[in-house]
Amino acid sequence: MGQTLFEKIWNRHVVKTIDGGPSVLYIDKHFIHEVTSPQAFNGLNKRGIKVFRPQQTVATADHNVPTLNQHLPIKEELSRKQVEALIKNCTEHGVELYGLGHPYQGIVHVIGPELGITQPGMTIVCGDSHTSTHGAFGAIAFGIGTSEVEMVLATQCLLQTKPKLMRINVEGELKKGVVSKDIVLYILSKISASGATGYAVEFAGSAIRSLSMEARMTICNMSIEMGGRCGLIAPDETTFNYIKGRKFAPQDFEKAVAEWKQLYSDAGALFDKEIFIDAADIQPMITYGTNPGMGIPVTGTIPTTETINDNDKSGLNKSLAYMGLQQGAPIKGQKVDYVFIGSCTNSRIEDLRMVASFIKGKQKATDVEVWIVPGSKQVEAQAKAEGIDKIFEEAGFILRQPGCSACLGMNEDKIPSGKYCISTSNRNFEGRQGAGARTLLASPLTAAAAAVTGVVTDVRELLN
Amino acid sequence: MAKAFTTITSRFVPLNIENVDTDQIIPARFLKATTRDGFGKNLFRDWRYTNDDEQKPKAEFVLNQPQYSGEILVAAKNFGCGSSREHAAWALADYGFRAVVSSFFADIFKNNALNNGLLPVTVSESFLQKLFTLENEATLTINLETQTIIIDASGESENFEINAYKKTCMLNGYDDIDYLLSMKTEIENFENA
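Okay, so let's go over this structure. (Residues numbered from 1 in each chain as written. Chains lettered and ligands numbered in written order. Predicted model: local features only at pLDDT ≥ 70, side-chain atom pairs only at ≥ 80, totals over all residues. Heavy atoms only, no water.)

## What to know about the overall build of chain B
Consideration 1: Looking only at helices and strands, one finds 8 helices and 7 strands in chain B.
Consideration 2: Compactness check: chain B gives a C-alpha radius of gyration of 18 Å against a globular reference of 16 Å for 193 residues, within 12% of the reference.
Consideration 3: Projecting the C-alpha coordinates of chain B onto the three principal axes gives extents of approximately 60 × 45 × 25 Å.
Consideration 4: Within chain B, buried positions represent 56% of all 193 residues.
Consideration 5: Contacts in chain B between residues far apart in sequence, at least 24 positions, make up 64% of those at least 6 positions apart.
Consideration 6: On chain B, roughly 7,900 Å² of surface is accessible, and the fraction owed to carbon and sulfur atoms is 48%.
Consideration 7: With 18 positive and 27 negative side-chain charges, chain B shows a spacing of 4 Å between the two charge centroids. (Helix = DSSP H or I, 4+ residues; strand = E, 2+ residues; numbered from the N terminus. Rg over C-alpha atoms; globule rule 2.2 N^0.38 Å. Buried < 20%, exposed > 50% of the residue type's maximum accessible area, 1.4 Å probe, protein only. Contact = heavy atoms within 4.5 Å. Areas by Shrake-Rupley, 256 points an atom, 1.4 Å probe, with all protein chains shown as cover. Lys, Arg positive; Asp, Glu negative; His and termini not counted. Charge placed at Lys NZ, Arg CZ, Asp CG, Glu CD.)

This is how it looks when you write it as structure tokens:
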């Protein structure tokens, strides 16, 4: 019997399995940020111990940083103290920090891959649920709580129970105007926000293999929105070419590639669950509700109590009341007040290029505010080098500075109560983008189309 | 070291909402602390209080209804989905909850709860629905040793699963980190292999 990709990586990292309990799993790379690490360092300090393997942890400041005037001191006192605590903890424990002002600073799940730290076959964790992003490289990558951050800092290990395995196969060619965000929103609309809970999810099939690394990251990023413990994609030439030449790429690259080529699910490997999706069925998607499973095609109508799947039935009225939307109404034409293009889901250079090539020569609608928040300083610099910033400026978009920003509204980038925001981020939970804010999740293309028209738009009507 | 959990008998707070995400349990704007304390006051903040200058309690939310109280929260399926923030478990524990009962928990939340002495009790959907129909005064007994949850008035009960290792930790208030620290030599040997 063959092994799955997940099992190949998992088995290599098990230090010990406790009888009737979890396994001690060795962690190769650990990312930390200012919000979920201070209490973990406090724990170490209380025990009087140092970080066990400081060279395997990398820190950045992203969740709680301003996205304008980053050269100035952070105005908000609590946010500033949190960032200062990160600097102090990293200095005391010898952890590399790409903090504000550093040319590598950015959203933790953007900088890991772009620096070549994220590599196939690794186990990677971070105190952030979207750590699943790194699985796009064929790694086991998952989010952890702060107590677990402390465990990794102290021992480079975690106690983990092996999840069940699911494979989602997307076969065929994507239609015009359909991008990776639409694939993942489509999967979510089919299996619900809890459809993969308890599973590690491997994404496979010709449509997945045809995607760039950036696009694959968008899909693995949102595997947590299905409840998945992690999402992963077998590495291939696309993966190797992406890593090659990056700062922390392996020295002996050919040797590494030879090992990485063994990382795939063998023919005959068994999955606890398998799902098949035809890429041709996927249209540009958008969410109407308050969990990421509540998505429909932009040309579709909001479900009714009769038509909705069982998973969201009881929450439909509560969701629609919050969103100010009606059962059975079309979503196309819905007024939009804000457009947010950013987050660990869609803030990479490819996302910005996609938006720029669509927006070039067009103008944003007058009553819409558009925030573009690059995923990292490197993405920002690249966008400027390519003149993308000028295209945004001419269209009336604002290119801000890197951070998590309005994805979670922890800094001052909040959507006002009652306003609609079409967002390339990952969560449309109540209050996620600010108390009372109403989020419509979509791809960068669909978001850019709404920026131009001021309403939810089928981007295909505006493509040549 | 977490607080040991053996048996509790308590009234419960019914939160009959599915897919309660950790942004609802504790919104991001309250995650700016660098300690683990004091998150209970902002537990379910936006469901519990109005979002205006007055910050008045919302009468329709269960935590503001005096007929409900106790150390047990009973919630509909897929509780704790979304963000990995452990602050959600800290907020529930700080508020005074010692157990959360649901038919389905999100993975990361479940781990976070267990690491903080907050027991996640997974019951069948039918048992959960029965709990939602009980009188306000009803009490539940959760016995970790026997892995049972009992409706005290009727004696109806159900068993729940927990892995043996985690059970030992909860019963004794042990932390995973103590166990991992005791494994240092084996971890170093693994690194050198």
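## Here we look at the sheet that holds strand 15 (residues 338–341) of chain A
Residue and element names in this part refer to chain A.
Consideration 1: Within the open sheet, the 5 strands sit side by side as 17-16-15-18-19. Their pairing is parallel. In the strand order of this sheet, the two ends are held by strand 17 (398–399) and strand 19 (438–441), each with one partner.
Consideration 2: With 4 bridges joining them, strand 18 (residues 420–423) and strand 19 adopt parallel strand pairing. Bridge assignment links Tyr420 to a residue of strand 19, and that residue is Arg438.
Consideration 3: Sheet strands in contact with helix 16 (residues 444–453) are strand 15, strand 16 (369–372) and strand 18, and its direction is about 150 degrees off that of strand 15. (Pairing = 2+ DSSP bridges. Axes fitted to C-alpha atoms, helices over the stretch in contact; angles between N-to-C directions.)

## Things to note about the interface of chain A and chain B
Consideration 1: Between chain A and chain B, the contact holds 64 residues from the first and 53 residues from the second.
Consideration 2: Carbon and sulfur atoms supply 57% of the area that chain A and chain B bury against each other, a total of about 4,700 Å² over both sides.
Consideration 3: Put simply, chain A and chain B have 6 salt bridges between them.
Consideration 4: Here A:Glu76 makes a salt bridge to B:Lys32, at a shortest N to O gap of 3.1 Å.
Consideration 5: Between chain A and chain B we count 26 residue pairs in polar contact (both at pLDDT 80 or more) in total. (Buried area = accessible area lost by both parts, 1.4 Å probe. Salt bridge = Lys/Arg side-chain N within 4 Å of Asp/Glu carboxyl O. Polar contact = N/O pair within 3.5 Å; in protein donor to acceptor, adjacent residues only side chain to side chain.)

## Observations regarding the environment of A:Asn428
All names here are of chain A.
Consideration 1: By the element assignment, Asn428 lies in the loop between strand 18 and strand 19.
Consideration 2: Given the relative accessible area of 0%, Asn428 is considered buried.
Consideration 3: Between the alpha carbons of Asn428 and Asp252 there is a distance of 43 Å; along the sequence they are 176 residues apart.
Consideration 4: Setting aside its immediate chain neighbours within four residues, Asn428 contacts Thr287, Gly289, Thr290, Asn291, Pro292, Thr439 and Leu441.

## Observations concerning the pairing of strand 7 (residues 140–143) of chain A
Residue and element names in this part refer to chain A.
Consideration 1: Burial along strand 7 is two-sided: Ile140 and Phe142 facing one way and Ala141 and Gly143 facing the other are all buried.
Consideration 2: Two elements, strand 6 (residues 123–126) and strand 7, share 4 bridges in a ladder whose sense is parallel. Its bridge partner lying in strand 7, Thr123 is registered against Ile140.

## Points about the packing of helix 2 (residues 38–47) of chain A against helix 5 (residues 146–155) of chain A
All names here are of chain A.
Consideration 1: Viewed as axis vectors pointing N to C, helix 2 and helix 5 meet at an angle of 50 degrees, and their least axial separation amounts to 8 Å. When the interaxial angle is binned, helix 2 and helix 5 end up oblique. Along this stretch, helix 2 crosses helix 5, giving a crossing that reads as right-handed. Where helix 2 approaches helix 5, its residues Gln39, Ala40, Phe41, Gly43, Leu44 and Arg47 are matched on the opposing element by Thr146, Val149, Glu150, Leu153 and Ala154.
Consideration 2: A breakdown of the residues in the contact of helix 2 with helix 5 according to their chemical character gives 6 nonpolar, 3 polar and 2 charged. (Parallel < 35°, antiparallel > 145°, perpendicular 65-115°, else oblique. Left-handed = near helix turned anticlockwise from the far one by under 90°. Nonpolar A, V, L, I, M, F, W, Y, C, P; charged D, E, K, R; others polar.)

Any functional reading would require information that these geometric values do not contain.
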